[in-house]
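Structure assessment
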Amino acid sequence: MTTNLLDFDLDAMAAFCERLGEKRFRATQLFRWIHQRGAADFDQMSDLAKSLREKLKGCAHVTGLQAISEHASADGTVKWLFDVGGGNAVETVFIPEDDRGTLCISSQAGCAVGCRFCSTGHQGFSRNLTAGEIIAQLWHAEHVLRQRRGDGERVISNVVMMGMGEPLQNYSALVPALRTMLDDHGYGLSRRRVTVSTSGVVPMMDRLGADCPVALAVSLHAPNDDLRDNLVPLNRKYPLHELLAACRRYLEHAPRDFITFEYCMLDGVNDQPEHARQLIALVGRKAADGGVPCKFNLIPFNPFPASGLRRSPAAAVTAFAKLLSDAGIVTTVRKTRGDDIDAACGQLAGDVKDRTRVHERMAKLRVIEIKPIN
Ligand code: SAH
Ligand code: SF4
């Protein structure tokens, strides 16, 4: 079996080249061809010696993910469904805004955390993605969109690890993928523009802070342990006081001086004024008194039938946001994007195992032709 070079960050690529008897700058050239130019064919890599290209053909390949489908929403959002084998698929979503282009990337097929309000959680865990499969989502999206625009300009400026899966439960694949995103010879994204979202895997938050600090979003969803135990089962292992202490430790390394708390607004469950008051008491104090410098992102729940939950009414969301803001906590309400293609957060690859339904749903939508990137 030959090696997929998408699995490597630059250091691993250098080690690989060294094993082939090649200097580090060859690894840099190779890395730039793959990630900056979107090349998969060694013959295209014109500044590599012919002998090296032949050597590479014998022991390596650059293989992205197979896109099962691509759908574009009226608001410019693009969603890809990628086949990862064994009947599993993962989703990647591109969200264009005036001043940035954000890609939402998956880290696992399914998820073992099993949050009540999350359709991925309801599917259970299938498997971890490899580093190559994580970075392939960016590789594919960046180069397909760039080619389509035709101006050679970079398209994706921000990455959020908010697709399917819990990134911190796939740490060993996550870190090389993050490093490739950050590398100047890769995608050159700034640490502030790469966000890992976690349901609160405390020990791995510490490791991420030490190994590869990027912006951190923490899925809070509840202001007390009783409720959070129920909504985010991982809370039974890492309760709120441990989670918040880990947030404070993370901030010592983080590229930003705040944590983003995500809070999915569930009608009658966690959206009452009392919950906002508890949140303010929990995090709104000075860090020295147990608080956490933070911003809140309130996410209107995207309902799906098996959840048995409802989206909070707009008035409840507004009132909740006002209570937090009045207490001095910067609070935003996430716009739902790509609603017409089910690309809104938490809807990712709704029924991955049930391809027929995915296809049925998608058949109703506008489909763009998928072009090969080379
Ligand atoms: N596993 C990580 C990252 C993926 S989920 C995490 O949980 O943080 C990304 C965000 O979408 C999380 O904040 C998650 O709580 C939220 N989310 C999941 N299901 C949702 C739904 N049905 N409606 C709205 N937000 C949802
Ligand atoms: Fe997993 Fe995140 Fe969904 Fe929870 S919200 S089940 S951690 S993907």
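Everything numeric in this text was worked out from a predicted model, so none of it was measured.

Within the protein one finds twelve helices and 14 strands. Of all 374 residues assigned to the protein, the portion counted as buried reaches 55%. Pairs at least 24 residues apart make up 65% of the contacts formed inside the protein by residues separated by at least 6 positions. Within the structure as shown, the protein displays about 15700 Å² of accessible surface, and the carbon and sulfur contribution to it stands at 50%.

Moving on: the pattern of salt bridges. For the structure shown, the criterion picks out 16 salt bridges. For the salt bridge of lysine 79 with glutamate 91, the shortest nitrogen-to-oxygen distance reads 3.5 Å. Residue lysine 79 is found in strand E4 (residues 78-85), and its partner glutamate 91 is found in strand E5 (residues 88-97); the two are separated by twelve residues along the sequence. The class of lysine 79 is buried, set by a relative accessible area of 2%. Between arginine 100 and aspartate 99 there is a salt bridge, with its nearest N and O atoms 3.6 Å apart.

Attention shifts here to the site of ligand 1. The environment of ligand 1 is made up of 21 residues, and the closest members are Phe117, Gly165, Ser197, Ser219 and His221. Measuring from a nitrogen atom of ligand 1, one finds a side-chain N or O atom of glutamate 166 at 3.4 Å. Compared with its free state, where it exposes 530 Å², ligand 1 has 96% of that area covered by protein. Those elements that provide at least two residues to the shell around ligand 1 are strand E10 (194-198), strand E12 (259-265) and strand E13 (294-300).

A separate point is helix H3 (residues 50-59). Listed as buried for H3 are Leu52, Arg53 and Leu56. Buried residues along H3 cover an arc of 100° about the axis, so they all sit on one side. Exposed positions of H3 whose direction lies more than 90 degrees from the buried face are Lys50, Ser51 and Gly58. Against the buried residues of H3 lie helix H1 (10-19), helix H2 (24-36) and strand E2 (60-61).

Turning our attention to the site of ligand 2. Cys111, Val113, Gly114, Cys115, Cys118, Gly121, Gly165, Glu166 and Ser199 make up every residue found near ligand 2. The residue inventory of the shell around ligand 2, partitioned by class, reads four nonpolar, four polar and one charged.

We now examine the pairing of E4. Burial runs high along E4: six of the eight residues are buried. Where strand E3 (residues 66-72) and E4 come together, six bridges link them in antiparallel fashion. When the sheet's bridge partners are listed, histidine 71 is paired in E4 with lysine 79. The turn linking E3 back onto E4 is made up of five residues, and glycine 76 within it adopts a positive phi angle of 95°.

Per-residue pLDDT for the protein has a mean of 91; in total, 90% of the residues score no lower than 70. A low-confidence stretch, residues 350-374 (pLDDT under 50), is modelled with 58 contacts involving residues beyond four sequence positions or located in other chains.

So, on to H2. Compared with an ideal rise of 1.5 Å per residue, which puts 13 residues at 18 Å, H2 spans 17 Å between its outermost C-alpha atoms and is within 8% of the ideal. Turning to H2, its buried residues number three or more, namely Arg26, Ala27, Thr28, Gln29, Leu30, Phe31, Trp33, Ile34 and His35. Turning to H2, the residues buried within the fold contact H1, H3, helix H5 (131-149) and helix H6 (171-182). Directly after H2, the chain includes glycine 38, whose backbone phi takes a positive value near 75°.

Moving on to unusual backbone geometry. A positive phi is found at histidine 221, a non-glycine position, where the angle reads about 70°. Structurally, histidine 221 can be placed in the loop between strand E11 (215-219) and helix H8 (225-231). The class for histidine 221 is buried, based on a relative accessible area of 5%.

The next point concerns the nonpolar core. Of all hydrophobic cores here, the largest spans 110 residues; its most connected members are Met181, Leu208, Phe261 and Phe296. Counting residues domain by domain, this core receives three or more from each of domain 1 (3-61) and domain 2 (66-366). Membership of the second largest hydrophobic core comes to five residues, among which are Val93, Val160, Met162 and Ala217.

Attention now goes to the sheet that holds E5. Across the sheet, which stays open at both edges, the ten strands sit in the order E3-E4-E5-E6-E9-E10-E11-E12-E13-E14 with mixed pairing between neighbours. The outermost strands of the open sheet, each flanked by one partner alone, are E3 and strand E14 (330-333). Between one strand axis and the next, the sheet turns through 20° on average, direction left out of account. Across five bridges, the pairing between E5 and strand E6 (residues 100-104) is antiparallel. Opposite glutamate 97, over in E6, you have arginine 100 as the bridge partner. Sheet strands touched by helix H9 (residues 240-251): E11 and E12. Its angle to E12, the strand with the most contacts, is close to 145°.

What follows concerns the pairing of E12. Summarising burial for E12: six of the seven residues are buried, a large majority. Relative to E12, E11 runs parallel, the two being bridged by three bridges. Opposite alanine 217, over in E12, you have threonine 260 as the bridge partner. Of the pairings in the sheet, the one linking E12 to E13 comprises seven bridges and is parallel in character. Directly across from phenylalanine 261, in E13, lies its bridge partner phenylalanine 296.

Reading the values: the criteria
Per chain, residues are indexed from 1 in the order of the written sequence. All chains are assigned letters beginning at A, and all ligands numbers beginning at 1, according to the order in which they are written. Confidence filtering applies because this is a predicted model: local features only for residues at pLDDT of at least 70, side-chain atom pairs given and counted only at 80 or more, and all residues used for totals across whole chains, interfaces and linings. Note: side-chain values were computed over all heavy atoms of the structure, leaving out hydrogens and water. Strands here mean DSSP runs of E at least two residues long; helices mean DSSP runs of H or I at least four residues long; both are numbered from the N terminus. Burial status follows relative accessibility: with a 1.4 Å probe on protein chains alone, a residue under 20% of its type maximum counts as buried, one over 50% as exposed, and anything between as partly exposed. The criterion used for residue contact is that any of the two residues' heavy atoms lie within 4.5 Å. Computed with a 1.4 Å probe, the accessible areas rest on the Shrake-Rupley method; for each residue, only the protein chains presented here act as cover. By definition, a salt bridge exists where a carboxyl oxygen of Asp or Glu is found within 4 Å of a side-chain nitrogen of Lys or Arg. Neighbouring residues are identified by heavy atoms, a residue being near a molecule or strand if any of them is within 4 Å of it. Contacts described as polar in this section are N or O atom pairs within 3.5 Å, which, within protein, must combine one atom able to donate a hydrogen with one able to accept it, while residues neighboring in sequence count only if both atoms come from side chains. Along the arc lie the directions from the helix axis toward the C-beta atoms. Gly is placed with the polar residues, together with every amino acid not listed as nonpolar (Ala, Val, Leu, Ile, Met, Phe, Trp, Tyr, Cys and Pro) or charged (Asp, Glu, Lys and Arg). For two strands to count as paired, DSSP must find a minimum of two bridges between them. The pLDDT score gives, residue by residue, the confidence of the prediction method on a 0 to 100 scale. By definition here, a helix of n residues has an expected span of 1.5 Å times n minus one. Here, nonpolar core refers to any group of buried Ala, Val, Leu, Ile, Met, Phe, Trp, Tyr and Cys residues whose side-chain atoms link them within 4.5 Å. The start and end points of each domain follow an automatic or database-based domain assignment. Axis geometry follows a simple rule: fit a line to the C-alpha atoms, using only the stretch in contact for helices, then measure angles between N-to-C directions, giving values from 0 to 180 degrees.

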